[in-house]
Amino acid sequence: MTNPQYAQTAFIDHTTPTDNDVTVIPVFADDHFGKKGKAINKELGEFLSLNAAFAADFKGEAGKSIALALPKGSSYGKVILLGMGAADQINAGAVNKIATGLSQTLARLNIKSASIIGDQCAKMTQNADEVYAAIAAQICENGYSFDKYKKKLKAEKAPESPKLDFIVKNPKVAQQHFDALSILSEGKMLAQDLGNEPPNVLYPESYALRIKDLLEPLGVEVDIIDVHGMKHLGMHAALAVGESAGAKPCMVVMKYDGRSDADKAKNPNKRPLGYVGKGLTIDTGGYNIKTRSMDLMKLDMCGSASVVGAMYTLAKQQSKANIVSVVGLAENRISESSYLPGAIIDSMAGFTIEIGNTDAEGRLVLADAITYLKQAYNPHIIVDVATLTGACIQAHGHDKAGLFTNSKGLVKAFTRAAEQSGEAIAHDPIEEKHIRAMDGKLADLTNSCKTTDPEIQKAGHITAAAFLQHFAEHGGKTKWAHVDIAGTAIPPSGMASGWGVKLLTSFANDQAEEKAAKPKAPKL
Ligand code: BES
Ligand code: MN
Ligand code: ZN
């Protein structure tokens, strides 16, 4: 990961002189300035408000902006009016828009340095220092690039990061908040880095070692279950997918317990939270070979990457969470011993599974990972994250992940975590018809239903979830949620987004605080 934007970002107060190219002045929704904006506008003889009024499509919407050149002799030179949206609604989603809008505008105008006036107005519900820290952190995130394999063209292509001075009331508070958010960004960029690695570099074994290297120094216990161990445990579903491939599959178990010693002593048998991630380092489809965009399927490990990124963040934050995660790492490839369409395989839970389609491999790996997590650690909640279905992209696009669960409480808890993290979800209920659709003809279950019902055909994301639910509920129901990140983790650009790290971190911290039921203003 490279991100020079961090070194270019500072928080200062108005007494520190700057010599920057532009001044960025926030404008709140319905076209009004904050305190400082008003004063500057007055000083400039209403120049800003008059010009803003002429820009018919600018009303201070979050992320929109207009650039103005001031008359000669003015002390401000160039000004950018930056839309903040409604002052009482500056949540994580709005911050994202504001930051992205600003970085795009600065890049478009080729601006090398800017002073951002950390303005506030009476209606603002969040602390202004924290709002501008969050905007700064998001701009830094947007500056992420993955150029480790660009050897010759690197120097010519590297875009310059603009120098950004945020002029705020309390630079110390802003800096502290920025540093805290930077830990989250680091976890997210780590997930992006893992996703962007090519499949000839990142394959199950090398990935597992990398997880060890990343997490063990932070106090996370990391164990690798190799093929031998998987056989011993009866993980025949995951093995069917991965065993025949070039690289051998494995499962990686990560344990982090941030509770105080007193807490641990008081509650020695407290059940942990459990995360599971799909880690297909390449998904060719197998014998049901993919006919398009196969190269993108090196990103089919993004679920596991968000789990690893969240574990990294939680450990770095010294979170109070008690959490066990399992990622199932495998390649879905063709070889002479690859699993066959129509095969009937076994699973660790004991369900037999008919292979309707070798390209529905993620659920097979997840099924055994969920079973293992349940049997070995008995978590009170299991959340699995996976780039599981194309149907989820059809249904929800690239801005929202699909949420599927057997618990109403988890819908609430995830709605809250989504609001806090700015990572949006859409909940799709699993109905009896979806569960029935996954009944096998010759075996207990099928991994890909054959149906003529157009409603079920369209609901491939929900039937996939229904398949997983069997495993989450086998041997006693566990509260479980499945997050399908096929669209959000893999944007149209084909670069890993790191989606899920923030959601999983928020959710785990909420659970640790046991305040999930008490609503409060979302944090930034
Ligand atoms: N990894 C894919 C899903 C996917 C597709 C993610 C495109 C991101 C972008 C998954 O393994 C898959 O191939 N799913 C099939 C399931 C089908 C065969 C039942 C799909 O969605 O087509
Ligand atoms: Mn597939
Ligand atoms: Zn896949």
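Residues numbered from 1 in each chain as written. Chains lettered and ligands numbered in written order. Predicted model: local features only at pLDDT ≥ 70, side-chain atom pairs only at ≥ 80, totals over all residues. Heavy atoms only, no water.

Participant: Which parts of the structure should I look at to understand the packing of aromatic side chains?
Facilitator: Here the distance between the centres and the angle between the planes together describe a pair of aromatic rings. Using the criterion set out here, one finds eight aromatic pairs in the structure. An angle of 10° between the planes, with centres 4.2 Å apart, marks the rings of Phe-414 and Phe-507 as stacked. In this pair, Phe-414 sits in helix H14 (residues 408-421) while Phe-507 sits in helix H19 (residues 501-513), placing the two residues 93 residues apart along the sequence. Look at Phe-507 and you get buried, because its relative accessible area is 0%. Each member of the aromatic cluster is reached from another via a ring pair, and the members are Tyr-6, Phe-11, Phe-166 and Phe-178. (Phe/Tyr/Trp six-rings, centres within 6.5 Å; stacked < 30°, edge-to-face > 60°. Helix = DSSP H or I, 4+ residues; strand = E, 2+ residues; numbered from the N terminus. Buried < 20%, exposed > 50% of the residue type's maximum accessible area, 1.4 Å probe, protein only.)

Participant: Help me understand the coordination of the zinc ion (ligand 3), please; the structure alone is not making it clear to me.
Facilitator: Ideal values differ by geometry: the angle at a metal is 109.5 degrees with four tetrahedral donors, but 90 or 180 degrees with six octahedral donors. Within the first shell, the zinc ion (ligand 3) binds the protein through Lys-278 (NZ), Asp-283 (OD), Asp-300 (OD) and Glu-361 (OE), at distances of 2.0 to 2.4 Å. Coordination geometry of the zinc ion (ligand 3): the six donor atoms subtend angles of 78 to 175° at the metal centre, consistent with an arrangement described as octahedral. When the donor residues of the zinc ion (ligand 3) are listed from N- to C-terminus, their spacing reads K-x4-D-x16-D-x60-E. Between the two metal centres, the zinc ion (ligand 3) and the manganese ion (ligand 2), the spacing is 3.1 Å, with Asp-283 acting as a shared donor. Taken together, the residues span a long stretch of sequence, with Lys-278 in strand E10 (residues 273-283) and Asp-300 in the loop between E10 and helix H11 (302-317) at a distance of 22 residues. (Donors = N, O, S within 2.8 Å, 3.2 Å for Na, K, Ca; no water. Tetrahedral: all angles 85-135°; square planar, octahedral: opposite > 155°, others 65-115°.)

Participant: Honestly, the site of ligand 1 in this entry has me stumped. Any pointers?
Facilitator: Surrounding ligand 1, one finds 18 residues, the nearest of these being Lys-290, Asp-300, Asp-359, Glu-361 and Gly-390. Here Thr-387 contributes a backbone N or O atom positioned 3.3 Å from a nitrogen atom of ligand 1. Within the backbone of Gly-390, an N or O atom sits 2.7 Å from an oxygen atom of ligand 1. About the coverage of ligand 1: the protein hides 77% of its 520 Å² of free accessible area. In this structure, ligand 1 is accommodated by the second largest pocket. Elements with a minimum of two residues in the shell around ligand 1: E10 and helix H13 (390-396). (Near = heavy atom within 4 Å. Polar contact = N/O pair within 3.5 Å; in protein donor to acceptor, adjacent residues only side chain to side chain. Areas by Shrake-Rupley, 256 points an atom, 1.4 Å probe, with all protein chains shown as cover. 1 Å grid on protein atoms, 1.4 Å probe; cavity = no way out; pocket = protein on both sides within 12 Å on 5 of 7 lines; lining within 4 Å. Sits in = over half its atoms within 2 Å of the grid points.)

Participant: Would you take a moment to explain the sheet that holds strand E12 (residues 344-345) for this structure?
Facilitator: Strands belonging to one sheet form pairs held by backbone hydrogen bonds; the direction of such a pair is parallel or antiparallel. Taken in spatial order, the three strands line up as E12-E13-E17 in an open sheet, and their pairing is mixed. Two strands close off the open sheet at either side, each with one partner strand: E12 and strand E17 (445-446). As paired elements, E12 and strand E13 (residues 353-354) share two bridges and run antiparallel to each other. Following the sheet pairing, Ile-344 is matched in E13 by Glu-354. (Pairing = 2+ DSSP bridges.)

Participant: Mind showing me how you'd approach the domain arrangement of the protein here?
Facilitator: As far as domains go, the protein holds domain 1 (10-168) and domain 2 (185-513). A separation of 38 Å is found between the C-alpha centroids of domain 1 and domain 2. Between domain 1 and domain 2, the contact holds nine residues from the first and 16 residues from the second. Broken down residue by residue, the surface that domain 1 buries against domain 2 is led by Glu-141, Tyr-144 and Phe-146, which jointly contribute 62%. At the surface where domain 1 touches domain 2, the tally comes to three salt bridges. (Domains from an automatic or database assignment. Contact = heavy atoms within 4.5 Å. Buried area = accessible area lost by both parts, 1.4 Å probe. Salt bridge = Lys/Arg side-chain N within 4 Å of Asp/Glu carboxyl O.)

Participant: So what exactly am I meant to see when it comes to H14 here?
Facilitator: One full turn of an α-helix is made of 3.6 residues, so residues set three or four places apart face in the same direction. With 14 residues, H14 extends 20 Å from end C-alpha to end C-alpha; this agrees with the ideal 20 Å at 1.5 Å per step. If you check which residues of H14 are buried, you get Leu-410, Val-411, Ala-413, Phe-414, Arg-416, Ala-417, Ala-418, Gln-420 and Ser-421. Considering only its buried residues, H14 is in contact with helix H3 (92-108), strand E14 (381-386), strand E15 (400-405), strand E16 (424-427), strand E18 (479-484) and H19. The N-cap residue of H14 is Ser-407: its side-chain oxygen and the backbone nitrogen of Gly-409 are 3.3 Å apart. (Expected span 1.5 Å × (residues − 1).)

Participant: Got a minute to help me understand the pattern of salt bridges in this structure?
Facilitator: One pass over the structure, following the stated rule, counts 20 salt bridges. Between Asp-439 and Arg-436 there is a salt bridge; the shortest N-O distance is 2.7 Å. Looking at Asp-439, the relative accessible area reads 32%, which means it is partly exposed. On the basis of relative accessible area, Arg-436 is assigned to the partly exposed category, the value being 42%. Each of Glu-141, Lys-188 and Lys-502 takes part in a single network of salt bridges with overlapping partners.

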